[in-house]
Amino acid sequence: MAWKPCPSYTDEVARGLGVAQDKIASFHSLMRRLECGTVTVPLNHHDPAGREIDIAVTRLAATDRTHRLGAITVLPGGPGNSGYLDPILRAALRNDQMAGLNEHYDIIGFDPRGVGYSTKTACPASQAGPRQPGPLTKQSAREIYDAQIAANQQCARSDPAFLGQLTTENVAKDLDLVRAALGEPELNLLGFSWGTYLGMVYRSLYPQRTGRAFLDSVAPPWTNLVEHTEGAAQAAEANFGRMAAWLARRDALYGLGATTRQVRAEVAELVRAYDRSPRIYSDLQRPIDGSAIADLAKRNSTEWARAGKALAELRTALVPYTSTSPSTGPSTGPSTGPSTGPSTGPSTSPSTSTAASPSTSTAASPSASTSIFASASTGTANFANTPTPTPTRTSSGTGTSASPSSGTGTGTGATAPPTVKELLGAGMMGTPVPGAPEMLNLTMNWSVACNEDDSRPTFDTAWRTYQQLVKRFPATGRGWGLGGAMCQGWPLPVQQATLRRSDGSLVLAGHLHEFMSAYDWTLQTRRAVGGTVYTVADDVHVSSTRVPECAADVARYFETGRIDGGCKGTALPS
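Residues numbered from 1 in each chain as written. Predicted model: local features only at pLDDT ≥ 70, side-chain atom pairs only at ≥ 80, totals over all residues. Heavy atoms only, no water.

Describing the overall build of the protein chain
We apply this condition: Numbering goes from the N terminus for both helices and strands, where a helix is a DSSP run of H or I of at least four residues and a strand is a run of E of at least two. Accessible area is worked out with a 1.4 Å probe on protein chains only. A residue is then buried under 20% of its type maximum, exposed over 50%, and partly exposed in between. In this analysis, two residues are considered to be in contact whenever any of their non-hydrogen atoms come within 4.5 Å of each other. Here the open area of atoms and residues is found with the Shrake-Rupley method and a 1.4 Å probe, where only the protein chains shown may cover a residue.
Of regular secondary structure, the protein chain possesses 20 helices and 12 strands. Looking at the 574 residues of the protein chain, the share that counts as buried comes to 59%. Long-range pairs, those at least 24 residues apart, make up 79% of the contacts in the protein chain with a sequence separation of at least 6. When the accessible surface of the protein chain is split by element, carbon and sulfur atoms take 50% of a total near 20,100 Å².

Listed below in structure tokens is the structure:
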């Protein structure tokens, strides 16, 4: 371990990292306690004498050294998320319960290979150009599919020696060398989203060096993007049923229907209506078509109030509009076109953007809507723990609600309704805060996903899967792109880890209603690797350490090795 001074961050960077104003002083105090360094590891673990790379590591030492229990390593999501500041952001500053872990445990953070302060690279940009809003024909979908092939080949061939070594198994092997460099006989693991899969792989490779492991929002025990998309889509539509019931109880406020059936039908009709008559607002980069409606319908319960308002705004803005669906029951027919699908080129500077608009995207990475690894906050499928974006400065303008007469056709120049802009435009605004650390590397995200994806579907398979999703899931199916088709044409070989059962302590925290890590995957993982299921009765990705009741259980588990069956999780909005 080569220790060195830690980076320093301004208050503005801290706020961009999500640190509340009243916690800024504590953040800087913890940064003074944080130890930072690097560990040198082989790029190719099968060639230990070959090229070497650096892994950036941090440590927040236990405050009670006399009663120290060991080290807990935080396993970040993504793949591609930074974990460098996780000892502070996910533990010491999260809440009192998580902060208490640092009394008896060192908290270890790290940037996986390809991310942040560790050795990394970037794929060349591949401009896709704007996509026409509204439904796509099969021919247009074929063009998207073929463009993705070209982007995949361009990326993978830009640095195959490095990109071909970006796998979960290699990250796990890096982590064991970090363990050795720290002088730890074993590592306890706290994993989030993709970090849960990393935890499974580490535990399978090094069962005797793994202590207690708590894995939150559990990934499936396999890496197949088509299957992942199908499972996530089913869970998303099921959770929309809960959202529809919640909106129906507030029909006087939202006007989307007085019963769950009516709200379901109303939103399905909005999907079709906005595909027939998409909108382009002057202050949004993203066109508003059926895929945008589906993205709003996929929001978790923390955003139901705003998503309901945005749907109501779009219902009002769509003129002429006559909905017959609430009285006739929910639609079962598909909309007429695919989702935005994957974009067609990587981001060359992941630190400057965490979300690309479907109309301007240049990233064919797993942050696209077809990926298992995308942003929870945008409603796309991200197996990313909800990734923390690179801190940005946001513009202060607010939109004005479109009048019933505005917004017809596809280019009116009208501004977006305010809540629509708030939810669907947030990822498009802002410039990076100077000095901010990279929190998501899209090239690493993309490479790990494609190196491990064994589906790589043909166009016919992707198109058929898309059509089935839209037909089966009328409210949300439109938001899933070409059925998990993201890694077709990736020229590097499939490299999948082998998972093994072991008798060590393992807790699998599954969230009963979320779609980003479907609850059924938790049960599948238990069958594959063992462990105890801890059920969180919410739909919020990686919420276990955020909710005090649940965080207290997490802390108690690491202190005692014992845990009960679950917690209520994030409460529904009132």
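Re the pairing of strand 11 (residues 532-536)
Just so we agree on the cut-off: Pairing between two strands is assigned when DSSP locates at least 2 bridges connecting them.
As defined by bridge partners, strand 10 (residues 506-511) adjoins strand 11 across five bridges and the pair is classed as parallel. If you follow Val507 over to strand 11, its bridge partner there is Thr532. Bridging between strand 11 and strand 12 (residues 566-567) involves two bridges; their strand directions are parallel. Across the sheet, Thr535 pairs through a bridge with Gly566, a residue of strand 12.

A few points about helix 19 (residues 519-529)
Put simply, the rule is: The arc refers to the directions leading from the helix axis to the C-beta atoms.
All of the buried residues along helix 19 are Tyr519, Trp521, Thr522, Thr525 and Val529. Looking down the long axis of helix 19, one finds its buried residues gathered within 150° of arc, a one-sided arrangement. Where helix 19 is buried, its residues contact helix 9 (194-205), helix 10 (225-248), strand 10 and strand 11. One or two residues past the end of helix 19 sits Gly530, with phi positive at roughly 90°.

Here we look at the environment of Arg242
By the element assignment, Arg242 lies in helix 10. Arg242 sits in the partly exposed class, given a relative accessible area of 23%. In this structure, the C-alpha to C-alpha distance between Arg242 and Asn300, residues 58 residues apart in sequence, is 9.8 Å. Dropping the residues within four chain positions of it, Arg242 is found in contact with Trp304, His513, Asp539 and Leu572.

Looking at the sheet that holds strand 4 (residues 70-75)
Using the following cut-off: Here, axes are lines fitted to C-alpha atoms. For helices the fit covers the stretch in contact, and angles between N-to-C directions go from 0 to 180 degrees.
If you trace the 10 strands from one edge of the open sheet to the other, you get 1-2-3-5-4-6-7-10-11-12, paired in mixed fashion. Whereas interior strands pair on both sides, the edge strands pair on one side only; in this sheet they are strand 1 (2-4) and strand 12. For strand 1 and strand 2 (residues 35-42), the ladder comprises three bridges, and the chain directions are antiparallel. Within strand 2, the position partnered with Ala2 by the bridge is Thr38. Against the sheet, helix 19 touches strand 10 and strand 11, its axis set at about 160° to strand 10.

Considerations on the state of the cysteines
Selection criterion: Our working definition of a disulfide is a cysteine sulfur pair at a distance within 2.5 Å.
Per the stated rule, a full pass over the model turns up four disulfides. Between the sulfur atoms of Cys123 and its disulfide mate Cys155 the distance is 1.8 Å. Note on the Cys123 and Cys155 pair: the S-S dihedral is about 45°, so by sign convention the disulfide is right-handed. Residue Cys123 is located in the loop between strand 5 (105-110) and helix 6 (138-158), and its partner Cys155 is located in helix 6; the two are separated by 32 residues in the primary sequence. The disulfide partner of Cys450 is Cys487, and the S-S distance across this bridge is 2.2 Å. Disulfide Cys450 to Cys487: torsion about the S-S bond roughly -85°, handedness left-handed. Of this pair, Cys450 sits in helix 17 (residues 442-452) while Cys487 sits in the loop between helix 18 (459-472) and strand 10; the two residues are 37 residues apart in sequence, bridging distant segments of the chain. Here Cys450 and Cys487 have matching classes, each one buried.

Some thoughts on the layout of surface pockets
What counts, and what does not: Only protein atoms enter the 1 Å grid used here. Points where a 1.4 Å probe fits but cannot escape make up a cavity, open sets with protein on both sides within 12 Å along at least five of seven lines make up a pocket, and a residue lines them when an atom lies within 4 Å of a point. Grid points are joined across faces, edges and corners, and a volume is the space filled by probe spheres set on the points. Throughout, the ten residues Ala, Val, Leu, Ile, Met, Phe, Trp, Tyr, Cys and Pro are labelled nonpolar, Asp, Glu, Lys and Arg are labelled charged, and all others, Gly among them, are labelled polar.
Space inside the second largest pocket adds up to approximately 190 Å³. As for the second largest pocket, its lining consists of 15 residues, of which Gly231, Ala235, Ala518, Tyr519 and Asp520 are closest to the centre. Sorting elements by how many residues they give to the lining of the second largest pocket places helix 10 first, with six residues. In terms of residue class, the lining of the second largest pocket is made up of seven nonpolar, five polar and three charged.

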